[in-house]
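Observations on the three-dimensional arrangement
Here are the chains, one letter per residue:
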Amino acid sequence: MANANASIWNKFLGEDLEINRLGIISVVLLIIGCLGGMTVGLGAVHHTWQLFLVVLPTMLTLSLLIAVAPLKQILNFCVITVIIDVIILTINFL
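The rules behind each value
- Residues numbered from 1 in each chain as written.
- Predicted model: local features only at pLDDT ≥ 70, side-chain atom pairs only at ≥ 80, totals over all residues.
- Heavy atoms only, no water.
- Helix = DSSP H or I, 4+ residues; strand = E, 2+ residues; numbered from the N terminus.
- Polar contact = N/O pair within 3.5 Å; in protein donor to acceptor, adjacent residues only side chain to side chain.
- Contact = heavy atoms within 4.5 Å.

Looking at the side chain of R21
Its place among the elements puts R21 in helix α2 (residues 21-41). Side-chain polar atoms of R21 contact the backbone oxygen of A69, separated by 2.5 Å. Discounting residues that sit within four places of it in the chain, R21 has contacts with V68, A69, P70, L71 and I74.

Pasting the structure below:
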């Protein structure tokens, strides 16, 4: 019987999140770093409010990586950061 309290990350990535911690962290670092840099380079640098909206969650996610925060918390902030970056990219391309 499946655990009723299993989070979405356990369902998506499996029950052994902590075993794969270093691999997950390297992928998060790559995605967040590259997407944040692209977002700033492709237009967010021209507007202070966009730059603030991109830099704040990106630095928060990277700080959680350095602080060795719980993996579920890192993944939640990663999703928030990716959503914000994609929205800002869409705004700048339209």
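Description of unusual backbone geometry
Notably, V68 is not glycine yet its phi reads approximately 55°, a positive angle. Residue position: V68 is located in the loop between α3 (48-66) and α4 (71-93).

Here's the deal with the environment of M38
With respect to the element layout, M38 can be found in helix α2. Here the alpha-carbon distance between M38 and D85, two residues 47 residues apart in the chain, equals 8.9 Å.

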